[in-house]
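# Geometric and topological summary
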Amino acid sequence: MKTYHMDHLDRLESQSIYILREAYREFKSLCMLWSIGKDSTVMLWLARKAFFGHVPIPLVHIDTRYKIPEMIEYRDRVAIEWNLNMIYGENRDAIEEKRTFPDGNTDRITCCRHLKSEALKKTLSGQWPRFRMDHSLRKYVPDESRTPYTGVIAGVRADEEGSRSKERYFSPRDSENSWDVGDQPPEFWNQFKTDFAPGTHVRIHPLLDWTELNVWEYIGRENIPLVSLYFNRGNGTRYRSLGCFPCTTPIESEAATVSEIIAELADGRLSSVAERSGRAQDREDGGGLETLRRDGYM
Amino acid sequence: MNIVIIGHVDHGKSTVIGRLLADTGSLPEGRLESVKESCRRNAKPFEYAFLLDALKDEQSQGITIDTARCFFRSDFRDYIIIDAPGHIEFLKNMITGASRAEAALLVIDAREGIQENSKRHGHMAAMLGIRQVTVLVNKMDLVDYREEVFSDLRDEYTAYLRHLDLTPLSFIPVSARDGENIAEHSLRMPWYSGHTVLRQLDLFRSAEDASGAHFRFPVQDIYKFTGSNDDRRIVAGTVLAGSIEVGEKVVFQPSGKQSVIRSVESFNTPSKRSAGAGQAAGFTLETQLYIRPGEIMLKVSEPSCEVGSRFRANVFWLGRAPLVKGREYKLKVGTARVAVKLAEINNTLDSSDLVFSRSKQQLDCRDVGECIFETVRPVAFDTVSTNEATGRFVVVDNYEIAGGGIILENLSSGQTPLQRHISERERHWEYGLVRLPEREHANGHRAKFILFTGSRGSGKRSLAKQLEQELFSRKLHVYYLGLAALEHGLDADLGYHEDHADERLRRIGELARILTDTGLIFIAVADDADDYAIEVLRQLNAPNEVLVVAVGDHLLSRFSPDLQIPAGTDDSAAVERLNGMLATREIIADYHI
């Protein structure tokens, strides 16, 4: 009898693929949020696994125009290389009216709310314009579709911070995008909430059971190309979590390769430091991220 | 591996987890020291549970904890420990947590003994199919590590679990506070020679051991990414049990279609020739079959699964509205979705007070009951004793998963719900004074339902219309109905969702029954109708008959069509053959006259 040994990463991969296929089957209007970070890039890779090299789901990125430039460059390069249906949205008014941090007169949380939460909400609902990569022109053109997305795949992990450890794989959001943490539907075995009332949508979380270390181990195993900001490029620093440049600081680290990052995570030096500690908006008020997440932030 | 930790409030679940994290070195650096320091400052004795609470507090930022997950790694493997809340209000969360687990640690306080939740959670574990349960008899330090306390509790609880058909793998006497028998053998309980908790965790078997079982592959979807220049038609899903190799013969249930595995597909891996339990996989087949998501792919060489539309099950109900007879729900079993009704309730158990009843007519929230369900069409499944993963289902009520259950027995002999529907309909059918034979006589031809089927783009539609024109020109009573006309008319209330496929089918069948009764030759087309769809239409159209014309590929396995028109046949030649068939079947008089 041949045995099929599956290690922990194999199981995580298999479960994530199952979730992605379930989402693709059940949601006619589905998209995947791609932040360009390592987690959602792993998720994108898992989609290629699930759909045998294809990504039949549009990828949505919310551009704040404050993203570190390498991120956008990397996004467009990968979008072309992997033939992705790439879409971005943004809060054009807030950016033009400078309702931003630090060069406008708002704090970090309000800036996040404008440039990310609100832009995300209105892009998903189709109220604001979407821009789609035209592969023949190799540039973005206004997207004709204004159809609201009813299934939104996001790369959140349970170990990132407390509120995320309570997420379900398939998590309903009401028409205001808000999340009722106290009263979530049950998930029995591998049966998820794939039915939803008109006007509501479902967030789908294929990476919920992955830890930061699992993500890096998988990146190493599959040789997934990442944006170079995650690695020390000679100045003794690297980013552990990516965001907008005014609010994201790198950590001190010599790790220049995936295996060096895994060693760094495994030796415990970073274990007393939260992964998102370089993300200033989390600390702005007591429950920064929780407040933002109830409001639809990813 | 996912492990759930369950048990009565204050029996020490958090302490067990805290101790496991500490003793395996899984805590963030300095955390143990800082919690100890804060206890010292507040002059309260340090407890390992505080460690967990400190982690949760830090993580939770002030909102109520539900099913939190802790991660740790033994020398052997990675674990996700799911801390399931003990309070009854958190039942949905407990179920969610526990149903993800491959094994459970059930904690009982040695001094307090078996309490309400010890029983309820044991019941849940059995219900949810967690077969690997280890009972930790905790707080042994409070009973002076006496062996008879442990063995009395073990005997009493074993007897209780036997009712539930659950045999624990082991009982371990522990003191989580002092770390006795957690990671190290206790010196204070020399009478205990079994495993430590950590060792027991490493001994739990994981799902991959299902690779020795019979092959089960619920079809999740069929992919064909033609738009990206990929011609593979891939049957996708997750192997739940057993394994399969290229070249093996497979059968799909409930359709009964057969083929052979041509290839095992994957992305960014070395090429594969086999797939086994636990793997998300994809296959191409030697023949092109029309199969639907929700079918189970099995090996021809192995015993089949159950196929049926009536089964007995244990159900756990969590819905806001009760589970009642007569209402239509949606059943999700494996990857199949089908409309279902509750037919009978054999008995119920109220999980909040553990009161048993034989007289309840509905299942209220938190009731567990043994019930009989009927689906509108046959589905493939297993009884839970044959294969747990294909023997489990959920019931969706008003967009929400409202209950879950395990199938105990297939009861599908006897009449199907469809057969009952039809015999009811026929019993009540009100005829006029003119009957069909008289109409047929007057018309000079027989009434008939002619169904054209074939894959999309096979030309069946244009052929059907030409047949109508040809017959009409010869003064026959014939009518072609485009199904698109139904979509925005008769079926406008149904929408596009696949859940309504059965109802759409029923309406076509009922229409055919009426139209053929008027003496018409009624012509309709269906994309890729399978054996099941044709059987349903045949039954619904009865007592009148249906003729099946397959255009292009032959997609049926059990039924052979009445006429097969190969792809690329010239339309007039095809109409000629159709005329020939109608003549030989004595539906119309010889057309050469």
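## Section: the overall build of chain B
The helix and strand tally for chain B stands at 14 helices and 26 strands. Counting the 593 residues in chain B, one finds 55% classified as buried. Total accessible area on chain B stands at roughly 25500 Å², and carbon and sulfur atoms take up 48% of it.

## A short note on the overall build of chain A
Counting its regular elements, chain A contains eight helices and 10 strands. Going through the 298 residues of chain A one by one, you find that 64% of them count as buried. In chain A, the proportion of contacts linking residues at least 24 apart, taken out of those at least 6 apart, comes to 70%. With the model as given, the accessible surface of chain A reaches about 10700 Å², and the carbon-plus-sulfur share is 50%.

## With respect to the environment of leucine 161 of chain B
Residues and elements named next belong to chain B. Within the secondary structure layout, leucine 161 lies in helix H6 (residues 147–163). By relative accessible area, which is 0% here, leucine 161 ends up buried. Ignoring sequence-local partners within four residues, the contact set of leucine 161 consists of Gly122, Leu166 and Pro168.

## Some words on the packing of aromatic side chains
Using the criterion set out here, one finds 34 aromatic pairs over all chains in the structure. In this structure an aromatic cluster arises from ring pairing among Tyr18, Phe27, Tyr169, Phe170, Phe192 and Phe196 of chain A. A cation sits over an aromatic face here: arginine 48 of chain A above tryptophan 82 of chain A, 4.0 Å from the ring centre. The positively charged end of arginine 435 of chain B is found above the aromatic ring belonging to tyrosine 431 of chain B, 3.7 Å away from the centroid.

## Remarks on the sheet that holds strand E22 (residues 448–454) of chain B
Within a sheet, adjacent strands bond to each other through the backbone by hydrogen bonds, running parallel or antiparallel. Residues and elements named next belong to chain B. Across the sheet, which stays open at both edges, the five strands sit in the order E23-E24-E22-E25-E26 with parallel pairing between neighbours. Both edges of this open sheet fall to strand E23 (478–481) and strand E26 (563–565), since each of them pairs with a single strand only. On average, each strand axis in the sheet is inclined to that of its neighbour by 20 degrees, with strand direction left out of account. Where E23 meets strand E24 (residues 521–527), four bridges bridge the pair, whose relative direction is parallel.

## Focus: the sheet that holds strand E4 (residues 131–134) of chain A
Residues and elements named next belong to chain A. Reading across the sheet, the eight strands line up as E5-E4-E3-E2-E1-E6-E8-E7 and stay open at both edges, with mixed pairing between neighbours. Edge positions in the sheet fall to strand E5 (139–142) and strand E7 (170–173), since each has one partner strand and no second. Going from strand to strand, the sheet's axes swing by 35 degrees on average, the running direction of each strand aside. Where strand E1 (residues 30–33) and strand E6 (residues 151–153) come together, three bridges link them in parallel fashion. In the strand pairing of E6, leucine 30 is matched with glycine 151. Here helix H2 (residues 38–50) sits on the sheet in contact with E1, strand E2 (59–62) and E6, set at roughly 140 degrees to E1.

## What about the confidence of the model for chain A?
Residues at a pLDDT of 70 or more form 85% of chain A, whose mean pLDDT is 86. Of all secondary-structure elements in chain A, the lowest mean pLDDT belongs to helix H8 (residues 288–294) of chain A, at 57, while H2 of chain A reaches the highest, 97.

## Some words on the confidence of the model for chain B
All names here are of chain B. Confidence along chain B averages 85 in pLDDT terms, with 91% of residues attaining 70 or more. When pLDDT is averaged over each helix and strand of chain B, the minimum, 57, is found for helix H3 (residues 48–60) and the maximum, 97, for strand E8 (residues 234–238). Here residues 57–66 scores under 50 on pLDDT; set against residues more than four positions off or in separate chains, the count is 28 contacts.

## Some remarks on the packing of helix H1 (residues 8–26) of chain A against H2 of chain A
Residues and elements named next belong to chain A. Relative to each other, H1 and H2 sit at 75 degrees, their axes nearing to 9 Å. Taken together, H1 and H2 sit at an angle that is classed as roughly perpendicular. Residues Glu13, Ser16, Ile17, Leu20 and Arg21 of H1 form the contact with H2, whose participating residues are Met43, Leu46, Ala47, Lys49 and Ala50. Counted by class, the contact of H1 with H2 contains six nonpolar, one polar and three charged residues.

## Here we look at unusual backbone geometry
In this model, glutamine 253 of chain B is joined to proline 254 of chain B through a cis peptide bond whose omega is 10 degrees. Residue position: proline 254 of chain B is located in the loop between strand E10 (249–253) and strand E11 (258–265). The omega angle of the peptide bond from alanine 542 of chain B to proline 543 of chain B is 10 degrees, so this bond is cis rather than trans. Counting through the fold element by element, proline 543 of chain B comes out in the loop between helix H13 (531–541) and strand E25 (546–551). Of note, the phi angle at lysine 98 of chain A is positive, near 55 degrees, even though the residue is not glycine. If you trace the backbone, lysine 98 of chain A turns up in the loop between helix H4 (92–96) and helix H5 (108–125). By relative accessible area, which is 41% here, lysine 98 of chain A ends up partly exposed. Even without a glycine there, the phi angle at arginine 138 of chain A is positive, about 55 degrees.

## What about the side chain of serine 118 of chain B?
Looking at the secondary structure, you find serine 118 of chain B in helix H5 (residues 116–128). Under the relative-accessibility criterion, serine 118 of chain B is labelled buried at 0%.

## Side note on the pairing of strand E14 (residues 296–299) of chain B
All names here are of chain B. Across the two faces of E14 the burial is the same, with Ile296 and Leu298 and Met297 and Lys299 all buried. As paired elements, strand E7 (residues 217–223) and E14 share two bridges and run antiparallel to each other. In the sheet register, proline 218 faces E14, and the bridge partner there is isoleucine 296.

## Quick word on the pattern of salt bridges
Working definition: two side chains of opposite charge can pair if their charged atoms are close together. This model, assessed by the stated rule, comprises 62 salt bridges over all chains. A salt bridge links aspartate 39 of chain A to lysine 38 of chain A; its shortest N-O distance comes to 3.5 Å. Given a relative accessible area of 10%, aspartate 39 of chain A falls into the buried group. Residue glutamate 503 of chain B pairs with arginine 507 of chain B through a salt bridge whose shortest N-O separation is 2.8 Å.

## Quick word on the environment of alanine 50 of chain A
Relative to the helices and strands, alanine 50 of chain A resides in helix H2. Distance from alanine 50 of chain A to glutamate 13 of chain A, taken between C-alpha atoms, is 9.4 Å for residues 37 residues apart in sequence. Here alanine 50 of chain A is in contact with Ile17, Leu20 and Arg21 of chain A together with Tyr223 of chain B, once residues within four sequence places are set aside.

## Looking at empty space enclosed by the protein
If a probe as big as a water molecule is rolled over the atoms, it shows which places are left empty. Residues and elements named next belong to chain A. Counting across every chain of the model gives six cavities of 30 Å³ or more. The computed volume of the second largest cavity comes to approximately 100 Å³. For the second largest cavity, the lining is made up of 15 residues, of which Cys111, Cys112, Lys116, Cys244 and Cys247 are closest to its centre. Of the residues contributing to the lining of the second largest cavity, the split by class is eight nonpolar, four polar and three charged. Summarising the domain contributions, the lining of the second largest cavity has at least three residues from each of domain 1 (8–211) and domain 2 (220–281).

Reading guide: rules and limits
- Residues numbered from 1 in each chain as written.
- Chains lettered and ligands numbered in written order.
- Predicted model: local features only at pLDDT ≥ 70, side-chain atom pairs only at ≥ 80, totals over all residues.
- Heavy atoms only, no water.
- Helix = DSSP H or I, 4+ residues; strand = E, 2+ residues; numbered from the N terminus.
- Buried < 20%, exposed > 50% of the residue type's maximum accessible area, 1.4 Å probe, protein only.
- Areas by Shrake-Rupley, 256 points an atom, 1.4 Å probe, with all protein chains shown as cover.
- Contact = heavy atoms within 4.5 Å.
- Phe/Tyr/Trp six-rings, centres within 6.5 Å; stacked < 30°, edge-to-face > 60°.
- Lys NZ or Arg CZ within 6 Å of the ring centre and 35° of its normal.
- Pairing = 2+ DSSP bridges.
- Axes fitted to C-alpha atoms, helices over the stretch in contact; angles between N-to-C directions.
- pLDDT = per-residue confidence, 0-100.
- Parallel < 35°, antiparallel > 145°, perpendicular 65-115°, else oblique.
- Nonpolar A, V, L, I, M, F, W, Y, C, P; charged D, E, K, R; others polar.
- Salt bridge = Lys/Arg side-chain N within 4 Å of Asp/Glu carboxyl O.
- 1 Å grid on protein atoms, 1.4 Å probe; cavity = no way out; pocket = protein on both sides within 12 Å on 5 of 7 lines; lining within 4 Å.
- Points joined across faces, edges and corners; volume = space filled by probe spheres on them.
- Domains from an automatic or database assignment.

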